[in-house]
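Survey of secondary and tertiary structure
The lines below spell out each chain.
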Amino acid sequence: MSLRAIKYENNSLEILDQLLLPAQSKYIQVKGVEDGWKVINKMQVRGAPAIAIVGCLSLAVELKAEKFDSKKQMRQEIEGKLNYLVSSRPTAVNMKIAAEELIDLANQLSKDEAVTLDEMKSKFLKTIEDMLAKDIADNRAIGKYGAKEILSRVSGDSLVRVLTHCNTGSLATANYGTALGVIRTLHEMKRLEHVYCTETRPYNQGARLTAYELVHDKIPATLIVDSMVAALMKHRNITAVVVGADRVAANGDTANKIGTYQIAVIAKHHGVPFYIAAPFTSVDMSIPSGDHIIIEERPDREMTHVGEHRIAAKGIACWNPAFDVTPASLIAGIITEKGVYRPEQLKGLFAGGGS
Ligand SMILES: CSC[C@@H](O)[C@@H](O)C(=O)COP(=O)(O)O
């Protein structure tokens, strides 16, 4: 079983087809931006950090093979292709933030007369290639800060019981994961008694992908269906909830996989602290609140069918938003690679250049 969602070696990019997991481990080659857009849009690769990394690496693969007449031409192509990649899925912000940073870099390199055409290309490619290592380092730091925060909720050497939703692990990132990274760290510290993961209907990221990662790593885990969360909190003494993010607004409101909001409401009712684990690349300071987040709506078929098998009555109308927004008031803390912050602290961090 492979847990590497993204393989990038010798300028060849392959992604593990997450539509086929857990039944089959099959890699598909991404030959350029067109392929990158398709694998993201079809959710063969998914999870906010992995979307950004695969999108940018698909551009790297294409740029390496291309010959440009001028730095201006290269800059224009970069900008057009990055904007196209941003359109592949609308809610996760990581691809948009990466695109803005890379377009800025291309502008700077193209204006700098001391930089040749070849140097511009190699500096640009190196910046993209460095994203893989940075994401893993960020996830390790998130794991460390998150574990410390959750352990602060129990006394002495007590073990903790954690609930997570969707998939935020090695399959959603360059490796290790964000919320699942926190769970991995707790397990490495031998302080995790048990993790519960939701099925995460309709795409079943929890049942198919998180369960696959937990079994692979031999982490003590139990799968529940999404409607069991309240019963779980009543009967199983959950220490904390930790989930990922697709976009965190400036006030801390957070878009994440559909179903996250109801878990946060239930957690509040039971006095269970609810945490978001996300790198700063998921924070969108350009929007004041979650009301401004565009929520992707996916095809009805994801709800009406499991694989090829229809489970819903023919003719029924469906509503299939892929994400919801959890208000900042329900979030105990945002676990980042730089530490754990209360939602209302975000604005101050960015004002002080904290990103
Ligand atoms: C580290 S992944 C964070 C989020 O992207 C994750 O929680 C999530 O909602 C994934 O949604 P998906 O639709 O599978 O891309």
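Residues numbered from 1 in each chain as written. Predicted model: local features only at pLDDT ≥ 70, side-chain atom pairs only at ≥ 80, totals over all residues.

With that settled, consider the overall build of the chain. A count of helices and strands for the chain gives 11 helices and 16 strands. Rg of the C-alpha trace for the chain: 20 Å, near the compact-globule value of 20 Å for 355 residues, within the 12% margin. Its C-alpha atoms give the chain principal-axis dimensions of about 65 × 50 × 35 Å. Taken across its 355 residues, the chain has 48% of its residues classed as buried. (Helix = DSSP H or I, 4+ residues; strand = E, 2+ residues; numbered from the N terminus. Rg over C-alpha atoms; globule rule 2.2 N^0.38 Å. Buried ≥ 20, exposed ≤ 12 C-beta atoms within 10 Å, placed from the backbone.)

For the pair helix α3 (residues 71–86) and helix α4 (residues 94–111), interaxial distance at closest approach is 10 Å and the crossing angle is 175 degrees. When the axes of α3 and α4 are compared, the pair comes out roughly antiparallel. Here K71, K72, R75, I78, E79, L82, N83, L85 and V86 of α3 come into contact with α4, specifically with M95, K96, A99, L102, I103, A106, N107 and S110. Classifying every residue of the contact of α3 with α4 gives nine nonpolar, three polar and five charged. (Axes fitted to C-alpha atoms, helices over the stretch in contact; angles between N-to-C directions. Parallel < 35°, antiparallel > 145°, perpendicular 65-115°, else oblique. Contact = placed C-beta atoms within 7 Å. Nonpolar A, V, L, I, M, F, W, Y, C, P; charged D, E, K, R; others polar.)

Of the residues in the chain, 98% have a pLDDT of 70 or more, and the chain-wide mean is 96. Taken together, the chains of this predicted complex give a pTM of 0.96 and an interface ipTM of 0.99. (pLDDT = per-residue confidence, 0-100.)

Let us now look at unusual backbone geometry. The linkage connecting L21 with the following residue, P22, adopts the cis geometry, with an omega of 5 degrees. Its location among the elements puts P22 in the loop between β2 (12–16) and β3 (27–30). Phi is positive for N10, which is not a glycine, with a value near 45 degrees. Note that N10 resides in the loop between β1 (6–9) and β2. On the basis of neighbour counts, which here come to 4 C-beta atoms within 10 Å, the residue N10 falls in the exposed class.

The next subject is the environment of G146. Looking at the element boundaries, G146 is found in helix α5 (residues 117–151). With 28 C-beta atoms counted inside 10 Å, the residue G146 sits in the buried group. Separated by 202 residues in the primary sequence, G146 and G348 place their C-alpha atoms 21 Å from one another. Residues in contact with G146, not counting those within four places in the same chain, are V182, T185, V242, Y275, A277 and I335.

UniProt records the feature "active site" (unreviewed entry) at D246, using the numbering of this structure. Residue D246 is classed as buried on the basis of its C-beta count, with 28 C-beta atoms lying within 10 Å. When residues no more than four places from it in sequence are discounted, the contact partners of D246 are A48, T91, A92, V93, A255, N256, S282 and F323. (UniProt positions renumbered as here; feature names shortened; annotations may be inferred.)

Glancing now at the site of the ligand. As a structural note, the neighbourhood of the ligand is formed by 17 residues, with R46, G47, A48, G244 and K257 the closest of them. When contributions to the shell around the ligand are tallied by element, the ones reaching two or more residues are α2 (48–65) and β9 (254–257). Looking at side-chain class alone, the shell around the ligand contains seven nonpolar, seven polar and three charged residues. In this structure, the shell around the ligand is formed jointly by two domains, domain 1 (6–135) and domain 2 (142–351), each of which donates at least three residues. (Near = placed C-beta within 6 Å. Domains from an automatic or database assignment.)

Before going further, it helps to spend a moment on the environment of V241. Mapping V241 onto the fold places it in strand β7 (residues 240–243). Expressed as a C-alpha distance, the spacing of V241 and P22, which sit 219 residues apart in the sequence, is 25 Å.

Turning to the domain arrangement of the chain, a few remarks are in order. According to the domain assignment, the chain contains domain 1 (6–135) and domain 2 (142–351). Taken over C-alpha atoms, the centre of domain 1 sits 26 Å from the centre of domain 2. Between domain 1 and domain 2, the residue contacts involve 22 residues of the former and 24 residues of the latter. Of all the elements in the fold, those that place two or more residues in the side of domain 1 that touches domain 2 are α2, α4 and α5. Of the residues forming the side of domain 1 that touches domain 2, the biggest block, five residues, is contributed by α2. For the side of domain 1 that touches domain 2, the per-class residue count stands at 15 nonpolar, four polar and three charged.

On to the UniProt feature "site: Transition state stabilizer" (unreviewed entry) in the chain, then. The feature "site: Transition state stabilizer" (unreviewed entry), as given by UniProt, occupies C166 in the numbering adopted here. Structurally, the position occupied by C166 is in the loop between β4 (160–164) and α6 (179–188). By the C-beta count within 10 Å, which is 29 here, C166 ends up buried. Excluding its chain neighbours within four sequence positions, the residues that come into contact with C166 are T200, Q205, G206, V243, G244, N256 and K257.

Across two bridges, the pairing between strand β8 (residues 247–249) and β9 is antiparallel. Bridging from a neighbouring strand, R247 pairs with A255 of β9. The turn linking β8 back onto β9 is made up of four residues, and G252 within it adopts a positive phi angle of 95 degrees. As defined by bridge partners, β9 adjoins strand β14 (residues 323–326) across four bridges and the pair is classed as antiparallel. (Pairing = 2+ DSSP bridges.)

Looking now at the packing of α4 against α5. Direction vectors running N to C along α4 and α5 enclose 160 degrees, while the axes themselves pass 10 Å from each other. Viewed along their axes, α4 and α5 adopt a mutual orientation that is roughly antiparallel. In this structure, α4 meets α5 at a crossing whose hand is right-handed. Facing L102, L105, A106, L109 and S110 of α4, the residues of α5 in contact are M120, K123, F124 and T127. Across the contact of α4 with α5, the residue classes break down as six nonpolar, two polar and one charged. (Left-handed = near helix turned anticlockwise from the far one by under 90°.)

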